[in-house]
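So the chains spell out like this:
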Amino acid sequence: MAAASSSDSDSGLTESNEANSKWLDAHYDPMANIHTFSACLALADLHGDGEYKLVVGDLGPGGKQPRLKVLKGPTVLTENPLPALPAAAAAFLMEQHETRTPALALASGPCVYIYKNLRPYFKFSLPLLPLNPLEQDLWNQVKEDRIDPLTLKEMLEGIREKAEVPLSVQSLRFLQLELSEMEAFVNQHKSKTIRRQTVITSMITLKKNLADEDAVSCLVLGTENKEILVLDPEAFTILAKMSLPSVPVFLEVSGQFDVEFRLAAACRNGNIYILRRDSKRPKYCIELSSQPVGLVRVHKVLVVGSTQDSLHGFTHKGKKLWTVQMPATILTMNLLEQRSRGLQAVMAGLANGEVRIYRDKALLNIIRTPDAVTSLCFGRYGREDNTLVMTTQGGGLIIKILKRTAVFVESTGEVGPPLAQATKLSVPRKTRLYVDQTLREREAGTAMHRSFQTDLYLLRLRAARAYVQALESSLSPMSATAREPLKLHAVVQGLGPTFKLTLHLQNTSTVRPVLGLLICFLYNEALYALPRAFFKVPLLVPGLNYPLETFVECLSNKGISDIIKVLVLREGHSAPLLSAYINMPVSEGLEAA
């Protein structure tokens, strides 16, 4: 592979800087015309000759047909058209034979295309989804010429708005047509059978029963129908089916299917769901504050890239470990695994033309490229073990080889104590006051300690008395009794002279409802007026929040405010269950007047 001008930094770097780089520039072709993303890149020994090749699912931008490209070094070896946009590519072993030649799986549309020795071997199609019976009946009427296209459109629009089962692709395309095109479309498709089929959004491999590198693997598919399917590697039947609350876009898996495995799925609703073996529903959920743009598993840590330009580290139970802010938008992510040194790190391609490599939250290396990188793949390419393949936003191809002597060191410093620990502190000289105070503490240390303990006990006693007084007089916004477990908080809205007062009352019990409660307002009648100062509370179902609204009229024009006391009582009892003091704001409406 020929060397090119792409380097770890800008084109003006000196030879000494290039010598200190950890990467060798193997190839750079800005006109390679490869447009893809990381999930559609795979490195595999497709012929079993030890020569690893690059498999690319090319999106074919600009109206061109998507294509499957196989590269040997910098040149394209084969190129085959695809019927739909590729979703993912993966190499896996189908069977335990002596040939040990991996197969190539390419997910495109509703199908997975399997290639062996770069020849088509098998096509797996997702099972059909149930049709809407009303939609099927309408197309049967069209087939018999009982309704016209305009009536069909009106009835399909009504079904789309109300029906739980979505419409088929044929009906959705029909609804997008103009009136002049409907009749020709109906005549063309009314004799065809309606089919509703989902598409594949993501794909990854899972070891079946052994953890070895050359073990048989299953294909794990994420679909637009909010499901995850696990396929048998030999018969291509569905071994397991799991449901998700949203559509999966990124998948990560660890373990073996026959033993135990954990699967993480980043979905379009901004959540990451963790599933385990024999679980039809997610076991854990990680809620993100923004949409995920990548998901990589580094040892036992899930590294997530978000649209807020940051990387987050989570455990498999959803505990957040760390966060690293990026200098630019994250475009793509992938795993860097250097097996010879036991290193696993995450690579993040940024919109500013940088590729940053992190181990946990420590920055290991920065690669600067001439264009923004849109896909990354690290592994064995050709006969080099540690090769980094990158494609750029403009369709370029960059190939770099990691030097055999390269060692990644955290940019925060070498292993050991920080450099600041060796810095000598500027300690001020001992003053006469400091010396006198030290002597006093030595001589009267026992008395000073007793005085401190006495004050501490008095503070604890006063706090306990205040707490008991608050419980006895129900001054707390939360009930202390187990018979009426209630919680109350109030919200005041408005500028005045009329305020909206909303009381949020909640029954914190788990099983028992609460009935027979009253709410009473105590206030200065010269300052405020309420339409109802005393009313009953409806039945409180456990766990629900009940907003109780009323209006407060400020009667004073002097710009003063007061406290309104809210009491929650039980019928037949004078002692309140709980209370709240509301500091009313000054009526700005009266001040302006």
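Predicted, not measured: the structure shown is a model, and the values here were computed from it.

Engineer: How would you summarise the packing of helix 2 (residues 133-143) against helix 3 (residues 149-162) if you had to cite specific residues and measurements?
Structural biologist: At a closest axis distance of 10 Å, the pairing of helix 2 and helix 3 adopts a crossing angle of 175 degrees. Taken together, the axis directions place helix 2 and helix 3 in an arrangement best described as roughly antiparallel. Along its contact with helix 2, which presents L134, E135, L138, W139 and V142, the element helix 3 presents L152, M155, L156 and I159.

Engineer: Tell me about the packing of aromatic side chains, and please be specific about residues and values.
Structural biologist: Throughout the structure, instances matching the rule amount to seven aromatic pairs. Considering the side-chain rings of W23 and F408, the 6.4 Å spacing of their centres and the 50 degrees angle between planes classify their relative orientation as tilted. Of the two residues, W23 is situated in strand 1 (residues 23-29) and F408 in the loop between strand 28 (397-402) and helix 6 (432-443); the sequence distance between them amounts to 385 residues. The exposure classification of W23 matches that of F408, with both residues buried. Judged by centre distance (5.8 Å) and plane angle (20 degrees), the rings of F257 and F261 are stacked. You'll find F257 and F261 in the same group, each marked buried. In textbook terms, an aromatic cluster arises when at least three aromatic residues are bridged by ring pairs, as seen for W23, F378 and F408. Here the basic side chain of K116 rests over the ring of Y121, its NZ or CZ set 5.5 Å away from the ring centre. A cation over a ring is seen here: R532 above F535, with NZ or CZ 4.6 Å from the ring centre.

Engineer: So what's going on with the sheet that holds strand 20 (residues 310-314)? Residues and values would help.
Structural biologist: Read across the sheet, four strands follow the order 18-19-20-21 without closing on themselves; strand pairing throughout is antiparallel. Strands at the two margins of the open sheet, each flanked by one partner only, are strand 18 (292-298) and strand 21 (320-325). Along the sheet, successive strands turn relative to each other by an average axial angle of 20 degrees, direction set aside.

What counts and what doesn't
Residues numbered from 1 in each chain as written. Predicted model: local features only at pLDDT ≥ 70, side-chain atom pairs only at ≥ 80, totals over all residues. Heavy atoms only, no water. Axes fitted to C-alpha atoms, helices over the stretch in contact; angles between N-to-C directions. Helix = DSSP H or I, 4+ residues; strand = E, 2+ residues; numbered from the N terminus. Parallel < 35°, antiparallel > 145°, perpendicular 65-115°, else oblique. Contact = heavy atoms within 4.5 Å. Phe/Tyr/Trp six-rings, centres within 6.5 Å; stacked < 30°, edge-to-face > 60°. Buried < 20%, exposed > 50% of the residue type's maximum accessible area, 1.4 Å probe, protein only. Lys NZ or Arg CZ within 6 Å of the ring centre and 35° of its normal. Pairing = 2+ DSSP bridges.

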